[in-house]
Amino acid sequence: MALSALLLFLHGQVADSKFRLASGGHPTLPIEPFGHALNSSAAPIFQVLELQKLSLTLGDCLCKPGEFWHWERSCIAQVGVGSDCSAFPAEYFPYVCKEGSVCKVGKDDKASCMPCEGAECKKVPRCLKEVKLEGKACAHIEVETPATAVRATATKTVTEQLNFRKPVNATATEKATEVAVVTKDASANRTFQATARSQVREKSAASATAAAKASATSVQSEDSTVRETSRSRAEAVEEVNGVQATVQKEAEGAASQTGYAVATSTATAQRQATGRGIGVAEAHGLADHKATASANRSYTAVEDATVEHTARIQLEYETNATESSEATRTSVSSAHGRGKSQWCISGPEAIKDAEPLLTVSASSQRVREKLDFKVASEVAALALEKAIEQAALEALDKATLQGLKTAQKAAAAEASKSAFQAAEQSAQEGALQEALAKYKKEAKDWAAKIAADQAKSQAKILAKEAAAKEAAEIAQTKALKEATRAAEADARKQAEDLAQSKADAEARTKALQAAKKQAAEYAADQAAQQAQDSALKAAKAKAAERASEKAEAKARLKVARKVSQEAAEEAKANAAEEAKRKAAEQAETVGQQMSRMTQPGGLGAKETEPIPEPTAAPALRKQS
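Just so it is clear, the structure is predicted and the values come from calculations on it, not from any experiment.

Caption draft 1: A look at the pattern of salt bridges. What the rule picks out here adds up to twelve salt bridges. For the salt bridge of E488 with R190, the shortest nitrogen-to-oxygen distance reads 3.5 Å. Here R190 lies in strand β9 (residues 136-240) and E488 lies in helix α6 (residues 373-598), a separation of 298 residues in the sequence. Residue E488 is classed as partly exposed on the basis of its relative accessible area of 40%. What makes R190 partly exposed here is its relative accessible area of 31%. Its salt-bridge partner being K493, residue D497 comes within 2.7 Å of it at the nearest N-O pair. Pair noted here: D497 and K493 are both in helix α6, with a separation of four residues, about one helical turn.

Caption draft 2: Focus on unusual backbone geometry. Phi angles above zero are rare outside glycine, and D109 is one such case at about 65°. Examined against the element boundaries, D109 turns out to sit in the loop between β6 (101-105) and β7 (111-115).

Caption draft 3: Layout of the confidence of the model for the protein chain. Residues with a pLDDT of 70 or more make up 74% of the protein chain, whose mean pLDDT is 77. Here strand β1 (residues 18-20) is the element of the protein chain with the lowest mean pLDDT, 39, and strand β2 (residues 45-52) is the one with the highest, 92. Under a pLDDT of 50 for its full length, residues 1-41 has, in the predicted model, 64 contacts with residues more than four places off or in other chains. Contacts of residues 603-609 to residues separated by more than four positions or lying in other chains number three contacts, the stretch itself having pLDDT below 50.

Caption draft 4: Region of interest: the environment of F164. Mapped onto the elements of the fold, F164 is located in strand β9. Under the relative-accessibility criterion, F164 is labelled buried at 9%. In this structure the C-alpha to C-alpha distance between F164 and Y439, which are 275 residues apart in sequence, comes to 9.0 Å. In contact with F164, other than residues within four places in its own chain, are Y317, E318, T319, L432, A435, L436 and Y439.

Caption draft 5: How the structure looks around the nonpolar core. By size, the foremost hydrophobic cluster in this structure holds 27 residues, and its most contacted members are L54, L133, I141, V143 and V379. Counting residues per element, the ones that place at least two in this core are β2, β8 (129-134), β9, α4 (347-353) and α6. In terms of residues, this core owes the most to one element, α6, which gives 13 residues. Ranked by size, the runner-up nonpolar core spans 16 residues in total, among them F88, F93, Y95 and C113.

Caption draft 6: Highlighting the packing of aromatic side chains. Counted by the stated rule, this structure contains four aromatic pairs. Ring centres 5.7 Å apart and planes at 70° place the aromatic pair Y317 and Y439 in the edge-to-face group. Pair noted here: Y317 is in strand β10 (residues 243-346) and Y439 is in helix α6, with a separation of 122 residues, a long-range link. Relative to W446, the ring of Y317 has its centre 5.6 Å away and its plane inclined at 70°; by these criteria the two rings are edge-to-face. Taken together, the positions of Y317 in strand β10 and W446 in helix α6 put the pair 129 residues apart, joining distant regions of the chain. Three or more aromatic residues joined by ring pairs form one cluster here, namely F164, Y317, Y439 and W446.

Caption draft 7: Examining the state of the cysteines more closely. Using the criterion set out here, one finds four disulfides in the structure. Residue pairing for C63: its cysteine sulfur links by disulfide to C75, the two sulfurs lying 1.9 Å apart. The chirality of the disulfide connecting C63 with C75 is left-handed, given an S-S dihedral of about -95°. In this pair, C63 is assigned in the loop between β3 (55-61) and β4 (67-70) and C75 in strand β5 (residues 74-77), connecting sequence segments twelve residues apart. Classification of C63 by relative accessible area gives buried; the value is 14%. Taking the relative accessible area as the measure of exposure, C75 reaches 27% and is therefore partly exposed. Covalent S-S linkage joins C97 and C113, the inter-sulfur distance amounting to 1.9 Å.

Caption draft 8: Structural detail: the side chain of E578. Looking at where E578 falls in the secondary structure, it is placed in helix α6. At 2.2 Å, the side chain of E578 forms a polar contact with the side chain of R581.

Caption draft 9: Region of the structure containing a nonpolar patch on the surface. Residues V179, V181 and V302 make up a contiguous nonpolar surface patch of roughly 260 Å² in combined accessible area. Following the sequence through the fold, V302 ends up in strand β10.

Conventions we followed
- Note on numbering: residues in each chain are counted from 1, in written sequence order.
- Thresholds applied to this predicted model are a pLDDT of at least 70 for local features of residues and 80 or more for the giving and counting of side-chain atom pairs; totals over whole chains, interfaces and linings are not thresholded and use all residues.
- Side-chain descriptors were evaluated using all non-hydrogen atoms of the structure, hydrogens and water having been removed beforehand.
- Every case where a carboxyl oxygen of Asp or Glu lies within 4 Å of a side-chain nitrogen of Lys or Arg is listed as a salt bridge.
- Secondary structure is summarised from DSSP: a helix means a run of H or I of at least four residues, a strand means a run of E of at least two, and numbering begins at the N terminus for each.
- Note on exposure labels: buried denotes an accessible area under 20% of the residue type's maximum, exposed denotes more than 50%, and partly exposed covers the range between, all computed with a 1.4 Å probe on protein chains only.
- For every residue, the predictor reports its confidence as pLDDT, a number between 0 and 100.
- The contact definition used throughout considers only heavy atoms, calling two residues in contact when any of these lie within 4.5 Å.
- As used here, the term nonpolar core means buried Ala, Val, Leu, Ile, Met, Phe, Trp, Tyr and Cys residues forming a set that is joined through side-chain atoms within 4.5 Å.
- Between 30 and 60 degrees the pair is tilted, below 30 it is stacked and above 60 it is edge-to-face, where a pair is any two Phe, Tyr or Trp rings, Trp via its six-membered ring, whose centres lie within 6.5 Å.
- The disulfide definition used here is simple: a pair of cysteine sulfur atoms within 2.5 Å.
- Here a polar contact means two N or O atoms within 3.5 Å. Within protein one must be a hydrogen donor candidate and the other an acceptor candidate, and residues neighboring in sequence count only if both atoms are side-chain atoms.
- Each patch is built from residues that are more than 30% exposed by relative accessible area and take part in no salt bridge. Like charges join if they lie within 9 Å; nonpolar side chains (Val, Leu, Ile, Met, Phe, Trp, Tyr) join within 5 Å.
- For the accessible areas, the method is Shrake-Rupley and the probe is 1.4 Å, while residue cover comes only from the protein chains on display.

Dropping the structure here:
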């Protein structure tokens, strides 16, 4: 670091001044992990905020009288007039020579001790006092570094939800047929005069009782079917090989026979009958009557109407679309760094740091801490220079770090913002494209359906109104017409009924009288006829009963004979067959016994086996 210019400022006490650090004069701190620092040729700017020097305090003389302070050898004896003093530095000339002399440069350009007189001698200081360093040398430095560029990369993912709205037009035409039922009331008054003619036929019933006696001959033919059962017993005797068997058998026979008989019977019956007669007679009547009638009628009309309606609508199609997008962006940001630092060095620290300037040999160790003004000034200057350098370096490091952090933060924020904006824009565009796709796919059909529904609904309303209007007109007309017709009919009916009633009453009276007379005559004739018919019917029934009895008796006699004969024949046949079989079995058994008796030892049997008795064979029934 080139501190000469800085020290010039400092020694000249130029505070609050800005100066630049020479390019390449000082290394910067490591830049990781803050990002990549770009090369910059600009130099940092240093500003001295505050300076504080070490205080130089004069003490006692460094040497006793007759001696002077030698910066290398401590105190040495002063030299007299004529002595060479050019070997000493010019600032030591006042102290080298003894009192009454002074070190001056002569004509030969050599310095030597020359006598002095009066005031000149008084001006020459004979004692070099000790200078002590007190306080601290401090430097408060602020550094502004040039703008440092840092690159940062950020990735952002944005999910955008879009509420999309867009107008859509639709036109639809629909037909609707509606039925209306309307009831209307109407009133009407009518007057009618009627003339009635009546022709009445009347019936009259009369009862009469008459007695009659009648004889009747009836020829009746009857057939009768009779079933009869007969049992018969028979005995048969058979002989086989000298063995005779007798068997008795019973047989049962059944037969049916139909008999036919014709019978003639004559019967006489006497009956009493009551006859009822009805007489019918006609008569004419004539009457007039006038009547007024009111009628109220309701008529319900059912009408349908078909109306076509076109609906033209504009709707706002609304949908939601969601899209996610990721974007990565890199941003470069520059930032100036500012850093402050204060560094202080105490007097002992300054002397220790200046030890190479104070120590010439090991023997001078004892005088290190005794400083004259020249050395003390140099030590103080070096201390301040070091404080400035250390404060400047520390402030530079802080400024560099702060600039990198600021640039890194700004670059990261800008990259994040840029990535977010890019992802947001991409997500918005994606959501918009999705919404537009939905709009193209769904909006027209959606609007068309709503338009069709509205057209259909309006068509139904209009059709309903048209049907109701037409039905109301028809119902009103029909109700009035029916009320008028009903009033006329009621008036006509009332007039005709009353006129007819009068005519009917007159005709009925006449007809009833004639009918009663006719009915009485008819009833008497009917009673006589009924008595005659009843007597004849009784005679026929009696003759039929007799003929039936004869036919049944004939049939029963024939059947009994036939059944008895068949049963006897069957019993006889069965007995003969069974006797023959039994005789054969018994003959075989006897033959076997006789054979055993004729064999040797046959008679020595302790017991003789009994001859089994013949058993009755089961009866056989001849199948008819």
